[in-house]
Amino acid sequence: MNIEAYNKLVQECKQHHVTLVAVSKTKPVEDILALYNLGQRDFGENYVQEFVEKQQQLPKDIRWHFIGHLQTNKVKQVVGITELIHGVDSFKLLKEINKQSAKINITTNCLLQIHIAQEETKFGLDEEEANALMLEFENLKMKNVNIAGLMGMASFTNDENQIRKEFQYLKSLQAKLSTANRQLSTLSMGMTADYTIAIEEGSTMIRVGSLIFGERKAS
Ligand SMILES: *Cc1c(COP(=O)(O)O)cnc(C)c1O
């Protein structure tokens, strides 16, 4: 773990009013606890099984962010123990989150994942799909989900201008999809490689793993 880098990141986030989600996927509970003891409360995980196991072992005031691709049949396991689900990319998934949340009488905060990268492989909605989803969401008056904002992952490239353009696009979509009574205030963008650009372009939440915890082994 790189405590020095972590402390520096915390300062940067404070300065810009950005929430730091420490992405702890593949890392042991000991590492999470060490950071917890330094005051970190927001952690991000992306595999349901691993997330649930860690959540059971760790302090209950941790705010867990589910940042991975969530399958509909696994929604039940994460609802109720998740502060924010970052990767909602279909109406079917949103409906299931609403249903499972209603069962336990809670409201689950979600972000719509938008496809902003050039790569085909990354999940997410395009502008038209996001628009359609928002309309459907409002028509059905879902009470147990709150769409708090948008999430995106930029292209895996060294081209800073390309990354910047993608973050600017996400920011512009946030404005476009917001209305008077629908505030999409959270913008989850920026990881180890590109969080500086993301903050410059208006990110309100960065998801940083390897800078804090060290490189992950390829899985
Ligand atoms: C793994 C992951 C991160 C963190 O990546 P780093 O490059 O280690 O900072 C952020 N967001 C998502 C969705 C991830 O899966």
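The rules behind the values
- Residues numbered from 1 in each chain as written.
- Predicted model: local features only at pLDDT ≥ 70, side-chain atom pairs only at ≥ 80, totals over all residues.
- Heavy atoms only, no water.
- Near = heavy atom within 4 Å.
- Polar contact = N/O pair within 3.5 Å; in protein donor to acceptor, adjacent residues only side chain to side chain.
- Areas by Shrake-Rupley, 256 points an atom, 1.4 Å probe, with all protein chains shown as cover.
- Nonpolar A, V, L, I, M, F, W, Y, C, P; charged D, E, K, R; others polar.
- Helix = DSSP H or I, 4+ residues; strand = E, 2+ residues; numbered from the N terminus.
- Contact = heavy atoms within 4.5 Å.
- Buried < 20%, exposed > 50% of the residue type's maximum accessible area, 1.4 Å probe, protein only.
- Phe/Tyr/Trp six-rings, centres within 6.5 Å; stacked < 30°, edge-to-face > 60°.
- Lys NZ or Arg CZ within 6 Å of the ring centre and 35° of its normal.
- Pairing = 2+ DSSP bridges.
- Right-handed = clockwise from strand over helix to strand, strands pointing away.
- UniProt positions renumbered as here; feature names shortened; annotations may be inferred.
- Patch = residues over 30% accessible without salt bridge, like charges linked within 9 Å, V, L, I, M, F, W, Y side chains within 5 Å.
- Salt bridge = Lys/Arg side-chain N within 4 Å of Asp/Glu carboxyl O.

S.K.: Give a detailed account of the site of the ligand, specifying residues and quantitative values.
M.R.: The ligand sits among 13 residues. The nearest are Lys25, Thr192, Gly209, Ser210 and Arg216. In this structure, arginine 207 approaches the ligand through a side-chain N or O atom, which is 2.8 Å from a nitrogen atom. Contact distances for the ligand include 2.7 Å between an oxygen atom and a side-chain N or O atom of serine 210. Considering the ligand on its own, with 390 Å² of exposed area, one finds that the protein chains cover 90% of that surface. Class assignment of the residues belonging to the shell around the ligand gives a composition of six nonpolar, four polar and three charged.

S.K.: Please give an account of the environment of glycine 209 that cites residues and values.
M.R.: Within the secondary structure, glycine 209 is located in the loop between strand 8 (205-208) and helix 9 (210-213). Residues in contact with glycine 209, not counting those within four places in the same chain, are Val23, Thr192, Gly214 and Arg216.

S.K.: So what about the environment of isoleucine 116? Which residues, and what values?
M.R.: By the secondary structure assignment, isoleucine 116 is in the loop between strand 5 (108-114) and helix 6 (127-139). Overall, isoleucine 116 belongs to the buried group, its relative accessible area being 8%. Taking the C-alpha atoms as reference points, isoleucine 116 and lysine 76, separated by 40 residues in sequence, lie 28 Å from one another. Those residues in contact with isoleucine 116 that lie beyond four places of it in its chain are Gly152, Met153, Ala154, Glu166, Phe167, Tyr169 and Leu170.

S.K.: Would you mind going over the packing of aromatic side chains in detail, with residue names and values included?
M.R.: This structure, assessed with the given rule, holds three aromatic pairs. The interplanar angle of 45 degrees and the centroid separation of 6.0 Å between the aromatic rings of phenylalanine 43 and tryptophan 64 together place this pair among those described as tilted. With phenylalanine 43 in strand 2 (residues 42-45) and tryptophan 64 in strand 3 (residues 63-66), this residue pair connects regions lying 21 residues apart in the sequence. Both residues of the pair, phenylalanine 43 and tryptophan 64, belong to the buried class. The ring of tyrosine 36 carries arginine 41 above its face, with NZ or CZ at 3.6 Å from the centroid.

S.K.: Tell me about the pairing of strand 5, residues and numbers included.
M.R.: Most of strand 5 is tucked away, with six of its seven residues classed as buried. Across two bridges, strand 4 (residues 84-88) lies against strand 5 in parallel orientation. Note that in strand 5 the partner of isoleucine 85 across the bridge is cysteine 110. In this view, the connection linking strand 4 to its parallel neighbour strand 5 by way of helix 5 (residues 91-103) has right-handed handedness.

S.K.: Explain the UniProt feature "modified residue: N6-(pyridoxal phosphate)lysine" (unreviewed entry) in the protein to me, and be specific about the residues and the numbers.
M.R.: In the UniProt entry, the feature "modified residue: N6-(pyridoxal phosphate)lysine" (unreviewed entry) is given for Lys25. Secondary-structure assignment places lysine 25 in the loop between strand 1 (19-23) and helix 2 (29-36). Residue lysine 25 is classed as buried on the basis of its relative accessible area, which comes to 18%.

S.K.: Talk me through a nonpolar patch on the surface; I want residue IDs and the actual numbers.
M.R.: A contiguous nonpolar patch, built from Met1, Ile3 and Leu38 and spanning about 250 Å² of accessible area, is present on the exposed surface. Inspection of the secondary structure puts isoleucine 3 in helix 1 (residues 3-16). Taking relative accessible area as the criterion, isoleucine 3 reaches 33% and is therefore assigned partly exposed.

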